[in-house]
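For reference, the chains in residue letters:
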Amino acid sequence: MKANNWLTAIIVMVVGILLIVWHNEANLLNWFIVAVGVMFIIPGLYSLISALVRKGNKEKEKVDHSAASSTIIASVGALALGVWMAISPGFFVGLLAYIFGGILILYGIFHIVFVGFWSRPYVLPGWFYIIPVLMIIAGIVIICTNVRTMNSIVSLITGISLVASSVSTIMEITAVNPAGKREQLPAE
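Residues numbered from 1 in each chain as written. Predicted model: local features only at pLDDT ≥ 70, side-chain atom pairs only at ≥ 80, totals over all residues. Heavy atoms only, no water.

Trainee: I tried to follow the overall build of the chain on my own but got confused; where do I start?
Mentor: If you tally the helices and strands in the chain, you get six helices and zero strands. Along the chain, helices and strands appear, N-terminal first, in the series α-α-α-α-α-α. Evaluated residue by residue, the chain yields a buried proportion of 35% over its 188 residues. Of the accessible surface of the chain, which amounts to about 11300 Å², a share of 73% is contributed by carbon and sulfur atoms. (Helix = DSSP H or I, 4+ residues; strand = E, 2+ residues; numbered from the N terminus. Buried < 20%, exposed > 50% of the residue type's maximum accessible area, 1.4 Å probe, protein only. Areas by Shrake-Rupley, 256 points an atom, 1.4 Å probe, with all protein chains shown as cover.)

This is the structure in structure tokens:
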């Protein structure tokens, strides 16, 4: 596996550890939503200003008006969404929990597919399936839980699942990586 897989595993582990450490913070998910809102505001504002400047310089150079107009519309949409997220994060907290649950389910499915198919011609032991199955179960629990009353639980479950996923990824990398250095055997 490549170095970016190691980097992804490390980033996922750091995010998981941060969610575990800060799971008791009352407004953790609210602050997360505000941060995402700011991440929408900054590029949206930059794109809007750039598009307006390009559109204003239409005498000096040929400007595709439809592209500039669509950039302005997308920028205004990003700005509006970012401002809404920054001003009213409570609305998005419930959505974020469902997104966390969905990510856990998809990440668990990814690991199952990796262990079952993409690691061929090598067959990994059955216990490599335990963490992905638990991640899928955790994602389903988060999606089926009344999230508005359990923000700290959602943060804790997501953090633990992300750390477990990172450990699973590292185990998969170390189990399959030496195989890439040896001569590949045909799948049976």
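Trainee: It is not clear to me how the environment of Lys55 should be interpreted in this structure. Could you clarify?
Mentor: Along the chain, Lys55 falls in helix α2 (residues 28–56). For the pair Lys55 and Ser69, spaced 14 residues apart in the sequence, the C-alpha separation amounts to 8.4 Å.

Trainee: Quick question: what am I supposed to make of the confidence of the model for the chain here?
Mentor: Segments scoring low in pLDDT should not have their predicted coordinates read at a detailed level. Looking at the chain as a whole, its pLDDT mean stands at 81, while 85% of the residues score no less than 70. Across the chain, the secondary-structure element scoring lowest on mean pLDDT is helix α6 (residues 151–181), at 81, and the one scoring highest is helix α5 (residues 130–144), at 89. (pLDDT = per-residue confidence, 0-100.)

Trainee: So what exactly am I meant to see when it comes to α5 here?
Mentor: Working note: α-helix, 3.6 residues per turn, so residues spaced by three or four point in the same direction. End to end, α5 covers 21 Å across 15 residues, agreeing with the expected 21 Å (1.5 Å per residue, within 8%). Along α5, the residues that are buried comprise Ile131, Pro132, Met135, Ile136, Ala138, Gly139 and Ile142. In a view along the axis of α5, the buried residues occupy a sector of 160°, so they form one face of it. Exposed side chains of α5 directed beyond 90 degrees from the buried face belong to Leu134 and Cys144. (Expected span 1.5 Å × (residues − 1). Arc of directions from axis to C-beta.)

Trainee: Just checking my understanding: could you explain the side chain of Ser165 for this structure?
Mentor: Of note, Ser165 is situated in helix α6. Judged by its relative accessible area of 0%, Ser165 is buried. Not counting the four nearest positions on each side in its chain, Ser165 is found in contact with Tyr107, His111, Ile131 and Met135. (Contact = heavy atoms within 4.5 Å.)

Trainee: Even after reading the chapter, I still don't get the packing of aromatic side chains, so can you show me in this structure?
Mentor: Aromatic ring pairs are described here by two measures, namely the spacing of the ring centres and the angle between the planes. In this structure the tally under the stated criterion is six aromatic pairs. A ring pair is formed by Phe91 and Phe92, whose centres lie 5.1 Å apart and whose planes are at 85°; its orientation type is edge-to-face. Relative accessible area serves as the criterion here: at 8%, Phe92 is assigned to the buried category. Ring plane angle 25° and centroid distance 4.5 Å describe the contact between Trp127 and Phe128, whose orientation is recorded as stacked. Classification of Phe128 as buried rests on a relative accessible area of 5%. Taken together, the ring pairs in this structure connect Trp84, Phe91 and Phe92 into an aromatic cluster. (Phe/Tyr/Trp six-rings, centres within 6.5 Å; stacked < 30°, edge-to-face > 60°.)

Trainee: Is there a simple way to explain a nonpolar patch on the surface in this structure?
Mentor: A surface patch of nonpolar side chains, about 550 Å² in accessible area, is lined by Ile10, Val14, Ile17, Leu18, Val21 and Trp22. Position of Val14 among the secondary structure elements: in helix α1 (residues 3–21). Classification of Val14 by relative accessible area gives partly exposed; the value is 45%. (Patch = residues over 30% accessible without salt bridge, like charges linked within 9 Å, V, L, I, M, F, W, Y side chains within 5 Å. Salt bridge = Lys/Arg side-chain N within 4 Å of Asp/Glu carboxyl O.)

Trainee: Explanation requested: the environment of Trp118 in the structure shown.
Mentor: Residue placement: Trp118 occurs in helix α4 (residues 89–118). When the C-alpha atoms of Trp118 and Val176 are compared, they prove to be 9.7 Å apart, with 58 residues separating the residues in sequence. For Trp118, the contacting residues outside a window of four places in its chain are Phe110 and Val113.

Trainee: Sorry if this is basic, but what is going on with the packing of α4 against α5 here?
Mentor: In a pair of packed helices, the angle between the axes and the distance between the axes together describe the arrangement. Look at α4 against α5: their axes get within 8 Å of each other, and the N-to-C directions meet at 160°. Taken together, the axes of α4 and α5 lie roughly antiparallel to each other. Taken as a pair, α4 and α5 cross one another with a handedness that is left-handed. Along its contact with α4, which presents Ala97, Tyr98, Gly101, Gly102, Leu104, Ile105, Tyr107, Gly108, Ile109, His111 and Ile112, the element α5 presents Pro132, Val133, Met135, Ile136, Ala138, Gly139, Ile140, Ile142 and Ile143. (Axes fitted to C-alpha atoms, helices over the stretch in contact; angles between N-to-C directions. Parallel < 35°, antiparallel > 145°, perpendicular 65-115°, else oblique. Left-handed = near helix turned anticlockwise from the far one by under 90°.)

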